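Chains, contacts and geometry: an overview
One-letter residues, chain by chain:
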Amino acid sequence: MIVSVIVAAEEGGGIGYQGRVPWKLKDDLKLFKETTMGHHLIVGRKTWESIGRALPGRTMVVITRQPDYVAEGAEVAHSLSDALVLAQSRGETEAFVGGGAEIYAEALPRADRMYYTRVLARVRCDTLFPWQGELTMREIERREFPADDRNEYAFIWRVLERR
Ligand SMILES: NC(=O)c1ccc[n+]([C@@H]2O[C@H](COP(=O)([O-])OP(=O)(O)OC[C@H]3O[C@@H](n4cnc5c(N)ncnc54)[C@H](OP(=O)(O)O)[C@@H]3O)[C@@H](O)[C@H]2O)c1
């Protein structure tokens with residue numbers, strides 16, 4: 001099973017502000033949907049609550065330390081390892097880790113692939129993507145999008161794989 005991280009970060013490495021993603025990029029959301037469709041999507045409890053619902057067509061797994069946490073329409077796991085074991089036990093071929101920062105930090109050392117949207121702007125954020133490892137990954141796909149009526153900022157969709 002491939003373990004993939006999927007993230008959008010602005011030029012300063014920010015990924016969130018006050019519990020939300022502080023930009024609107026329709027084409028990035030479309031690529032996110034196409035890429036994760038049919039797969040397990042693993043998120044931290046705060047990201048789950050920020051999304052506010054189970055995304056259709058994906059098996060969402062919410063990671064929390066709370067023993068009795070209930071996430072309607074999603075599975076609950078108590079560690080990233082448990083979430084990955086659950087996905088693997090169901091025959092998943094590529095499990096996606098969709099953040100936030102706490103979950104990315106744990107997932108990055110074991111990620112085989114990264115779908116990394118680079119937002120070409122400086123946007124105020126209070127949550128940073130915890131990644132310094134560009135040199136250990138090679139780019140296998142790159143698509144550039146201008147700012148327009150669909151996308152608030154220009155961005156680059158990059159897919160990276162561990163060397
Ligand atoms: N731009 C992007 O691509 C992107 C993607 C995702 C999220 N975000 C943004 O990132 C921010 C949220 O990130 P965050 O780092 O604050 O929160 P988070 O990673 O979504 O969730 C943190 C929570 O996950 C649980 N958790 C973390 N590590 C755990 C472990 N080892 N074992 C069990 N449970 C664990 C804990 O839940 P409990 O407290 O319930 O125990 C913890 O409070 C938001 O602003 C969101 O919009 C951005």
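How each quantity is defined
- Each chain carries its own residue numbering, running from 1 in the direction its sequence is written.
- Owing to the predicted nature of the model, reporting of local features is limited to residues with pLDDT of at least 70; listing and counting of side-chain atom pairs is limited to 80 or more, with chain, interface and lining totals taken over all residues.
- Side-chain measures here rest on the full set of heavy atoms in the structure, leaving out hydrogens and waters.
- Starting at the N terminus, helices and strands are each numbered in turn, a helix being any DSSP run of H or I of at least four residues and a strand any DSSP run of E of at least two.
- In the analysis that follows, any N or O atom pair within 3.5 Å is treated as a polar contact, provided that within protein one partner can donate a hydrogen and the other can accept it, and provided that, for residues neighboring in sequence, both atoms belong to side chains.
- We call a residue near a molecule or strand whenever a single non-hydrogen atom of that residue lies within 4 Å of it.
- Any residue that is not Ala, Val, Leu, Ile, Met, Phe, Trp, Tyr, Cys, Pro, Asp, Glu, Lys or Arg is counted as polar, Gly included; the first ten are nonpolar and the last four charged.

The subject of this paragraph is the side chain of Arg58. Tracing the chain through its elements places Arg58 in the loop between α2 (45-51) and β4 (59-63). A distance of 2.9 Å separates the side chain of Arg58 from the backbone oxygen of Pro56, its partner in a polar contact.

A separate point is the site of the ligand. In the vicinity of the ligand there are 27 residues, among which Ala8, Arg45, Thr47, Thr64 and Gln66 approach most closely. In this structure, a nitrogen atom belonging to the ligand sits 2.8 Å away from a main-chain N or O atom of Ala8. Of all the secondary-structure elements, those providing two or more residues to the shell around the ligand are β1 (2-9), β2 (14-16), α2 and α4 (101-107). With five residues, the single largest contributor to the shell around the ligand is α4. A class-by-class count of the residues in the shell around the ligand yields ten nonpolar, eleven polar and six charged.

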